[in-house]
Amino acid sequence: MTNFISNFLKVPKRIGEPTYQRDIIGSIEKWDERDIVFARTDLFEYFREDSHTFKEYYQQHPEYLEYDKKVNRRNDLGKSGGIDKPMFEAQFEIADKISPESFVDGEPANEQMVISPERVSEKVKAFARFLGADLVGIGPLRQEWVYSHSARSHGESDNFVPRGTTNDFQHHTNAIAVAVRQDYDLIQSAPDFPVLLATAKGYALSAWISVQLAEYIRMLGYSARASHFHNYRVLTVPVAVDCGLGELSRAGFLLTKEFGLAVRLAIVTTDLPMQIDQPIDIGVQSFCESCKICAQDCPIGAIPMGEKVVSNGVLKWKLDEQKCYRYWGAVGTDCAICMASCPWTKPKNWFHSSISWLASFKGPHQRYLTHADRLMYGNHKTAPRPAFIDPPPNK
């Protein structure tokens, strides 16, 4: 009986099209990766203000210059870690080492192995889980989620495509989304230094899984490319939604039934014929409509309290990325308060699985569940650092 209830609670509601589809009210233009805040940060880190690349970009986009100068003078992730900062940096350093093109891409084997789409999908997902994925799904690669141009060339380093390279992924029809759960206890320390260890582990492990998964598919004789960490080619959240891992949330991140917002993503795109998973409806749109906990707890007001707005042809709750990133610079971490405070981000046990199952059904009870969460957990409070991490240097 216990196994029956447990399995019943895990079953998501599979639907014919992703829940964002009903919110598409106009044309969707591809994003240019050069315009995202991290790629603009690369201009300061790698190219410097006197370079042609730097000057050319800000001549074309003067609206970003003042903001970017301010945030890049103060942004030092991990600055409150003291002697423990290398715990964070070591993980990112290793992930960086498997970011070049020679790791994420390559030529497929000359001979293609013939495996049915159903069977190869089973193998791909089982292999991803074996490598450490907590969630994995397969879906179609919609071309609007491919960056129009690449940007993160690490200062035009060898084995990275030059900044501004046009992306053409028409030959890749499918995508595999991999999610790694972030450590629940560490993210409760948000926005303090320990949360960076959870973030770095999520990125590093998902990167490691994706490059091996892509290599495996190439060995089967098909084209495959990993998109992870410092070498993306796609927008990970909408691709993950298409692969059936979760839904887009008020906070702007992927919200999963199993782990809430506390996941990090990597994607493998491929021409391997596979059986795709249907997207899911776990009630996030109606739940986030009434629940504003992440917005209430956001210390900088980056998450909207109001209704959805039109952004690039889609009605959505639009995160203010510039406010969010500015706060990162202030605290020296990637914050993650929204992840920690989300009612769906709770310990994985029978009680919370039952609540997430109930929350996935649209109705007035979703509002009551939000109130119950506040009564039980209260406003987000930064948890103490674990024993293996020293206090901040100034204490």
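Here the structure is a predicted model, which means the values were calculated and not measured.

Conventions we followed
- Residues numbered from 1 in each chain as written.
- Predicted model: local features only at pLDDT ≥ 70, side-chain atom pairs only at ≥ 80, totals over all residues.
- Heavy atoms only, no water.
- Core = buried A, V, L, I, M, F, W, Y, C linked by side-chain atoms within 4.5 Å.
- Buried < 20%, exposed > 50% of the residue type's maximum accessible area, 1.4 Å probe, protein only.
- Helix = DSSP H or I, 4+ residues; strand = E, 2+ residues; numbered from the N terminus.
- Contact = heavy atoms within 4.5 Å.
- Arc of directions from axis to C-beta.
- Pairing = 2+ DSSP bridges.
- Axes fitted to C-alpha atoms, helices over the stretch in contact; angles between N-to-C directions.

Regarding the nonpolar core
Then step 1. In terms of nonpolar packing, the biggest core is built from 77 residues, with V239, L245, L254, L255, L265 and I303 touching the most fellow members.
Then step 2. The element that contributes the greatest number of residues to this core is helix α9 (residues 194-219), accounting for 7 residues.
Then step 3. In this view, V239 contacts L141, W145, A175, V234 and I267; residues no more than four positions away in its chain are not counted.

Let's talk about the environment of G260
Then step 1. Its place among the elements puts G260 in the loop between β5 (254-255) and β6 (263-270).
Then step 2. Residue classification places G260 among the buried residues on the basis of a relative accessible area of 0%.
Then step 3. When residues no more than four places from it in sequence are discounted, the contact partners of G260 are L254, L255, W344 and T345.

Considering helix α3 (residues 52-60)
Then step 1. Listed in full, the buried residues belonging to α3 are F54, Y57 and Y58. Across the axial projection of α3, the buried residues extend over an arc of 90 degrees, all falling on one side. Residues of α3 that are exposed and angled more than 90 degrees away from the buried face: H52, Q59 and Q60.

Side note on the sheet that holds strand β1 (residues 135-140)
Then step 1. Sheet architecture is open: 4 strands sit in the order β1-β2-β6-β3, paired in antiparallel fashion. Of all strands in the sheet, those with a lone pairing partner are β1 and β3 (224-227), marking the two edges. Between one strand axis and the next, the sheet turns by 20 degrees as a mean value, whatever way the strands run.
Then step 2. This element, helix α7 (residues 117-131), spans β1 and β2 (174-181) of the sheet and lies at about 145 degrees to β1.

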